[in-house]
Amino acid sequence: MERRRRDYYMERPVLNQEQLEELGHLGSVPRTYRWRSWLQCSRARVRTLLIQHLPVLAWLPRYPVRDWLLGDLLSGLSVAIMQLPQGLAYALLAGLPPVFGLYSSVYPVFVYFLFGTSRHISVGTFAVMSVMVGSVTESLAPDEAFLQASNTTDIRVQLASTLSVLVGLFQVGLGLVRFGFVVTYLSEPLVRGYTTAAAVHVFVSQLKYVFGLHLSSHSGPLSLIYTVLEVCRKLPESTVGTMVTAAVAGAVLVAVKLLNDKLQRRLPLPLPGELITLIGATGISYSLDLKHRFRVDIVGNIPAGLVPPVAPSPERFTELMGNAFTIAVVGFAIAISLGKIFALRHGYRVDSNQELVALGLSNLIGGLFQCFPVSCSMSRSLVQESAGSHTQVAGAISAFFILIIILKLGGLFRELPKAVLAATIIVNLKGMLMQFTDICSLWKANRVDLLIWLVTFVATILLNLDLGLAVAVVFSLLLVVIRTQLPHYSILGQVPDTDIYRDVAEYSEAREVPGVKIFRSSATMYFANAELYSDTLKQRCGVDVDHLISQKKKLLKKQELKLKRLQKEKQLQKQVAFSKDTSVSVSVNTSLRDVDINNVEGAKAKESTGDDELEGTVASDQEDAEAPVMATLNALGLPQPDFHSLILDMSALSFVDTVCLKKLKNIFHDFREIEVEVYMAACHSPVITQLEAGHFFDASITKQHLFASVHDAVIFALQSSRASSINPVSHLQMATDPCRPWKRRNPISDRALLLGVLHMLDALLVHIESHLQRLATQHQIKGTPTQSG
């Protein structure tokens, strides 16, 4: 249906910033000091803090048992069925005995039940976290460094638990200082590329269990490549029984998953493929004695019961610091991204800072009970939500079931083949490996995000998980800086019959306002792009501003030098003429009494005439010095721009720094040099405050050059242009004093007067000397010395 056109009309005056502040009664915003509320103590304040940091007190007393308990119970049972095989498998992935995966599925889950804010994520072992832990334990405690396998296991368990404590300390500390925003620097393409690369690491790490190989431990950059090469080199040594076990287990798991997808609408709960495979493989291994007959590696002894808490090793903190921070950030990023998805879907809020605290306490307390770092699992979280979970009661129920297995049923799985656990891990990687399809979708949607995805993936594959994440974050931030350095610049034109201005290159009907250039940038101007902003502005205006200013300065300098040279030549000519015309006759009173009195009177008359001429000469020189120097482009013979006003659309400006302030001032100065007035429009209030704080406004640039909108600036520029065309003299910058024709002639300076007197005395002395010589010759006075002044 065609939308009916609706017109609106508004009549208001043109508003610059001063008028807008006066009209809107601009006032200072009262500052609020949050730290004052932190120091207040009251019952309501204590209750708020308690609920904020212990969210279970907010929802558990109001828990609707009849409506939600059944769904949470079934969901918890489903998650426990998945948690059991995944816990055993991911412990192997971390380089630890399988029972520690079960421990990591109990303690952290109970802690998150008390402190977490997400209702649907399943906290526990996760493949990405496990492979990151495994890279640390295998690099710091390789198999080749110990003679007995038990020593290696003890050291690795100690490393993993210490690492978990350190990860928890990082996460709790960041949460308490409200550093939850750090996850915003991990964009979705970065996280997906990183988890895809981590899935490849997980897949490669399980190849030794699939083929029954004993590989060397590799760590650091290119460790994945070295592992793949070693697997390829040792493939002839593979154990056939292990390969068959892994293949059969993988086929069963895939078949059950396909069946679940096909019968999703008919089945109340998905079939527990992992548990079925786990029980079946354990029974077959026990009945056929796969370990001794076919050399298939099994899990081995799983001790029943719980372990007492163990203090971490502080001496290990230094070497684990970097890996712990990386694991803390990755674990939180995965948990908060998945938690926000479920929160948005079910209409509740997740507090990122409290999530950091909850995950940190889960890892901190879990590390004391010899757990390794955990996060939330994507596959288990989806099962927990789809099975009807409403709260974290489902997570507590799943942890309770795992606790029962640890206490009573753990020993039943000692004959479980490790190849089955490896097949379980590989099949569960399907979701993360399917993220390779992001390449095609990002190629069509946003190639910059595709570049982030590819760089993250390649860096994580080649440099390992810790360095790969660091490179990905640095590259992502660098790309943001580069994108702000290269924004989209445009010249705006007016859409006909509107006050809307758009890019003339994009809108064919948009027309530039005659005599007015409107320039806009799509990003804020700061130190990294201020120079590019200025250069692009001068380029888009179609005028070589710098060359025009340079030519103007050269012509003005030439004009000034020429004027000085003419003044000098004129002064010399007058001095020569004055010295030639001056002759004075002096009557000398000597004993000979032959001095002519008439000559003395003539000299006096000449002296008075010379004084008048000297005064006229100096006055004439001052008039020449005050001759006007024409500074306009037309007077200098330079081309004048085809626009008289430049408007800078500052609507994209979010902040200003000192470089931006200086560059804006330079823009005003440069364009005024070529007789173009500059205006700014659409500045936000925080930006104006920063301009005032940076002393941007002065006598030459006032708030009258800043307008509420682009249209206001355009109207003002056009009105100013019409006013200047009616009275052009008032807008010219004259180099001479406009009151000069009505001023009296300036008095002669002392220096000029002294110079004239000296010239006169010199001529007088020459004349006296010649006169005395003539007298001596005429009277032929012998023996009388000639007196010369």
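Residues numbered from 1 in each chain as written. Predicted model: local features only at pLDDT ≥ 70, side-chain atom pairs only at ≥ 80, totals over all residues. Heavy atoms only, no water.

### A look at the overall build of the protein chain
Stated formally: Secondary structure elements are taken from DSSP: a helix is a run of H or I of four residues or more, a strand is a run of E of two residues or more, and numbering for both begins at the N terminus. For each residue, the accessible area found with a 1.4 Å probe, counting protein chains only, is set against the maximum for its type, and the residue is called buried under 20%, exposed over 50%, and partly exposed in between. What makes two residues a contact is simply this: any of their non-hydrogen atoms within 4.5 Å. Only the protein chains shown count as cover for residues, and all accessible areas are computed by the Shrake-Rupley method using a 1.4 Å probe.
Within the protein chain one finds 31 helices and eight strands. Taken across its 789 residues, the protein chain has 43% of its residues classed as buried. Looking at the protein chain alone, contacts between residues at least 24 apart form 81% of all its contacts between residues at least 6 apart. In the structure as shown, the protein chain presents an accessible area of about 43,300 Å², 60% of it carried by carbon and sulfur atoms.

### Quick notes on the confidence of the model for the protein chain
Just so we agree on the cut-off: The predictor reports its confidence for every residue as pLDDT, a score running from 0 up to 100.
Of the residues in the protein chain, 82% reach a pLDDT of 70 or more, and the chain-wide mean stands at 82. When the criterion is pLDDT under 50, residues 583-629 qualifies, and its contacts beyond four places in sequence or with other chains add up to 62 contacts. Low pLDDT (under 50) marks residues 780-789, which in the prediction has six contacts with non-local residues, meaning those over four places away or in another chain.

### Notes on unusual backbone geometry
Not every positive phi belongs to a glycine, and N464 is a case in point at roughly 80°. Judged by its relative accessible area of 9%, N464 falls in the buried class. Here the phi dihedral of E675 falls at roughly 65°; this positive angle occurs in a residue that is not glycine. By the element assignment, E675 lies in the loop between α28 (658-673) and β7 (677-681).

### Here we look at the pattern of salt bridges
Stated formally: Any Lys or Arg side-chain nitrogen located within 4 Å of an Asp or Glu carboxyl oxygen qualifies as a salt bridge.
Applying the stated rule across the entire model yields 17 salt bridges. As a salt-bridge pair, E21 and K703 come within 2.9 Å of each other at their nearest N and O atoms. Placement of the pair is E21 in helix α1 (residues 17-24) and K703 in the loop between α29 (685-693) and β8 (706-707), with a sequence separation of 682 residues. Taken as a pair, E21 and K703 share a single burial class, namely buried. Across the pair K208 and E138 runs a salt bridge, and its minimum N-O distance is 3.9 Å. Placement of the pair is K208 in helix α11 (residues 207-211) and E138 in helix α8 (residues 127-140), with a sequence separation of 70 residues. Residue K208 is classed as partly exposed on the basis of its relative accessible area of 22%. Ionic contacts of the salt-bridge type, sharing partners, join the residues E21, E692 and K703 into one network.

### What to know about the packing of aromatic side chains
Put simply, the rule reads: Pairing of aromatic rings covers Phe, Tyr and the six-membered ring of Trp, with a centre-to-centre limit of 6.5 Å; geometry is then stacked below 30 degrees between planes, edge-to-face above 60, and tilted otherwise.
Counted under the stated rule, the structure contains 19 aromatic pairs. When the centroid spacing of 5.5 Å and the interplanar angle of 90° are considered together, the rings of F100 and Y103 count as edge-to-face. Within this pair, F100 and its partner Y103 are both found in helix α6 (residues 99-103), separated by three residues, close to a single helical turn. Per residue, the accessibility class of F100 equals that of Y103, and both read buried.

### Thoughts on a nonpolar patch on the surface
Cut-off, in case you're wondering: Like charges within 9 Å and nonpolar side chains (Val, Leu, Ile, Met, Phe, Trp, Tyr) within 5 Å are joined into patches, using only residues over 30% in relative accessible area that form no salt bridge.
A surface patch of nonpolar side chains, about 490 Å² in accessible area, is lined by L222, I225, Y226, L229, V458 and L462. Every element with two or more residues in the nonpolar patch is listed here: α12 (223-233) and α23 (447-485). The greatest single-element share of the nonpolar patch, amounting to three residues, is contributed by α12. By secondary structure assignment, the location of Y226 is in helix α12. Judged by relative accessible area, Y226 falls into the partly exposed class, the value being 41%.

### A look at α8
Under the convention used in this document: Helix span is expected to be 1.5 Å times the residue number reduced by one.
Between the first and last C-alpha of α8 there are 20 Å, a value that for 14 residues agrees with the 20 Å anticipated at 1.5 Å per step. Counting buried positions along α8 gives ten out of 14 residues, so the element sits mostly inside the fold. Inspection of α8 places A127, V128, M129, S130, V131, M132, V133, G134, V136 and T137 among the buried residues, and these make up the whole buried set.

### Observations regarding the sheet that holds strand β5 (residues 516-521)
This is how the line gets drawn: Paired strands are those between which DSSP finds at least two bridges.
If you walk across this open sheet you meet the six strands as β4-β3-β5-β6-β7-β8, and the pairing is mixed. One side of each edge strand has no neighbouring strand; the edge strands of this open sheet are β4 (501-503) and β8. Pairing between strand β3 (residues 489-494) and β5: three bridges, direction antiparallel. The residue bridging I491 from the neighbouring strand is F519, located in β5.

### Focus on the packing of helix α10 (residues 188-205) against α12
Here is the rule we go by: Every axis in this analysis is a line fitted to C-alpha atoms, fitted for helices over the stretch in contact. Angles between the N-to-C directions lie between 0 and 180 degrees. What makes a crossing left-handed is the near helix being turned counterclockwise from the far one by less than a right angle; a clockwise turn instead makes it right-handed. Three residue categories are used. Nonpolar comprises Ala, Val, Leu, Ile, Met, Phe, Trp, Tyr, Cys and Pro, charged comprises Asp, Glu, Lys and Arg, and polar comprises the others, including Gly.
Contact geometry of α10 with α12 gives a least axis separation of 10 Å together with a crossing angle of 30°. Judged by the sense of rotation from one axis to the other, the crossing of α10 with α12 is left-handed. Here V200, H201 and V204 of α10 come into contact with α12, specifically with L224, T227 and V228. Taken together, the residues of the contact of α10 with α12 break down into four nonpolar, two polar and no charged.

### Focus on the nonpolar core
Quick reminder of the rule: Here, the term nonpolar core denotes a set of buried Ala, Val, Leu, Ile, Met, Phe, Trp, Tyr and Cys residues that are joined through side-chain atoms within 4.5 Å.
Counting residues in each nonpolar core, the largest one holds 105 residues, and the members touching the most others are L84 and V128. It is helix α16 (residues 317-346) that contributes the most residues to this core, 14 residues altogether. For L84, the residues in contact, after removing those within four places along its chain, are L102, L275, L278, I402, I405 and F413. Within the second largest apolar cluster, 39 residues are counted, among which are F519, I549, L633 and L638.

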